Amino acid sequence: MKKQTKQQENKIQKQNEGDERIPVEIIQPWSTFVMKSKLPKVVFDKMLEITNKIVDNVENEKSWGHNLAGQIEHELYIEHEILQKNGVMQFFLDMTRHYVVNQLIQMMPYNQENILNDEWTTNMMSMWVVSQKEHEYNPMHIHTQCQVSAVMYLKVPKFSKSRKSHREDDGRIVFSNNCSLDDYFAVPQIALEPKVGDLYIFPAKMAHHVYPFRSDDEDKERRSVSFNAVYSSKSQMEHMAEMEKKAQEEMKKRSFVQ
Ligand SMILES: [Fe+2]
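Worth saying up front: this structure is predicted, and the values here are computed from it rather than measured. (Residues numbered from 1 in each chain as written. Predicted model: local features only at pLDDT ≥ 70, side-chain atom pairs only at ≥ 80, totals over all residues.)

Student: Go over the overall build of the protein with me, naming the residues and quoting the values.
Tutor: Scanning the protein for helices and strands turns up 6 helices and 10 strands. Taking 18 Å as the expected radius of gyration for a compact globule of 258 residues, we find that the protein reaches 25 Å, considerably beyond that expectation. Each principal axis of the C-alpha atoms in the protein carries an extent, and together these give about 85 × 75 × 35 Å. A burial count over the protein gives 22% of its 258 residues as buried. In the protein, 81% of the contacts between residues at least 6 apart in sequence involve partners at least 24 apart. (Helix = DSSP H or I, 4+ residues; strand = E, 2+ residues; numbered from the N terminus. Rg over C-alpha atoms; globule rule 2.2 N^0.38 Å. Buried ≥ 20, exposed ≤ 12 C-beta atoms within 10 Å, placed from the backbone. Contact = placed C-beta atoms within 7 Å.)

Written as structure tokens, this is what we have:
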């Protein structure tokens, strides 16, 4: 093979730097992701108002703690009706749908067109407010009987300085993933500092936990709201209806033969 001269190399380099765009595609069907977003001000204000009423009236509210892992005294259910009445339900359903569509495209990259052309519906299963105080915590857990989960932060006190300066874990949420064994290019977990107004959407089966915290603030409440949701698509529903119709026809035939 002839060796390229310096002049030829420079010419190729120049051509590559020109108009030609090199396509790059990231293919990653074996992992799930956490989607970070922000609550719009109008949604944030409504959620604060809704949860203020619930947290201030704790004795008369429906505790949701028996369904949850948290070592936390006040975990209170938020009725769907309140969300609808305050006009915030649709925002959460839309954000969940956005997560689902993006996650499915990542999972099936060569089916993107069909996924985008389908009609996706998301439904809220349950929503609850967690009024976490100093020294309370949420052990590692997943969410069951749903497909997508979310957490948003409405109040975060200033956490006291951690005892070890190289670890700032106090009050953080940690998402853990066991998808990858590659320790050059992947880490199995991430600890995220809660910030007022942040919204995280994640797959229900992604393990997560929340560390306890200490604070010198007068109001030591770390208030988050979580919800669980499910999704379906028009084509999935049509397919299921077709399957059911076939099964019924089969049953009819059998009963006729007998
Ligand atoms: Fe959770």
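Student: Just give me the short version of the pairing of strand β6 (residues 173-176), but keep the residues and values in it.
Tutor: Inspection of the sheet shows β6 paired to strand β7 (residues 189-192) by 4 bridges, in the antiparallel sense. Bridging from a neighbouring strand, Ile173 pairs with Leu192 of β7. Bridge count between β6 and strand β9 (residues 207-210): 4 bridges; the pairing is antiparallel. Opposite Phe175, over in β9, you have His208 as the bridge partner. (Pairing = 2+ DSSP bridges.)

Student: Break down the environment of Val101 for me, citing the residues and quoting the values.
Tutor: In this fold, Val101 is placed in helix α4 (residues 89-107). Among the residues examined, Val101 registers 18 C-beta atoms within 10 Å and is labelled partly exposed. Put simply, Val101 and Asp118 are 17 residues apart on the chain and 9.6 Å apart in space, counted from C-alpha to C-alpha. In this view, Val101 contacts Ile115 and Trp120; residues no more than four positions away in its chain are not counted.

Student: Give me the lowdown on the sheet that holds strand β4 (residues 138-141), citing residues and values where you can.
Tutor: Within a sheet, adjacent strands bond to each other through the backbone by hydrogen bonds, running parallel or antiparallel. Pairing is antiparallel across the open sheet formed by 4 strands, whose spatial order is β4-β9-β6-β7. A strand with exactly one partner marks an edge of an open sheet, and here the two such strands are β4 and β7. Ignoring which end each strand starts from, the neighbouring axes of this sheet average 15° apart. (Axes fitted to C-alpha atoms, helices over the stretch in contact; angles between N-to-C directions.)

Student: I'd like to hear about the environment of Val100, residue by residue, with values.
Tutor: As for its placement among the helices and strands, Val100 is situated in helix α4. Classification of Val100 as buried rests on a count of 23 C-beta atoms within 10 Å. Measuring from C-alpha to C-alpha, the distance between Val100 and Thr121 comes to 9.7 Å, with 21 residues separating the pair along the chain. Setting aside residues no more than four positions away along its own chain, Val100 makes contact with Trp120, Thr122, Val148 and Tyr231.

Student: Explain the nonpolar core to me, and be specific about the residues and the numbers.
Tutor: In this structure, Met47, Ile78, Ala150, Met152, Leu199 and Ile201 are the most contacted members of the largest nonpolar core, which totals 33 residues. Those elements that provide at least two residues to this core are α2 (41-56), α4, β3 (120-132), β5 (148-155), β8 (198-203) and β10 (222-233). Looking at this core element by element, the count peaks at 6 residues for β5. Ignoring any residue separated from it by four or fewer positions in sequence, one finds Met152 in contact with Leu39, Met47, Asp198, Leu199, Ser224 and Val225. (Core = buried A, V, L, I, M, F, W, Y, C linked by C-beta atoms within 7 Å.)

Student: Can you break down the sheet that holds strand β2 (residues 74-77) residue by residue, with the values?
Tutor: Across the sheet, which stays open at both edges, the 6 strands sit in the order β1-β8-β5-β10-β3-β2 with antiparallel pairing between neighbours. Of all strands in the sheet, those bounded by a partner on one side alone are β1 (35-38) and β2. Neighbour-to-neighbour, the strand axes of this sheet turn through a mean angle of 25°, independent of strand direction. Seen against the sheet, α4 touches β1, β3, β5, β8 and β10 and runs at an angle of roughly 115° to β3.

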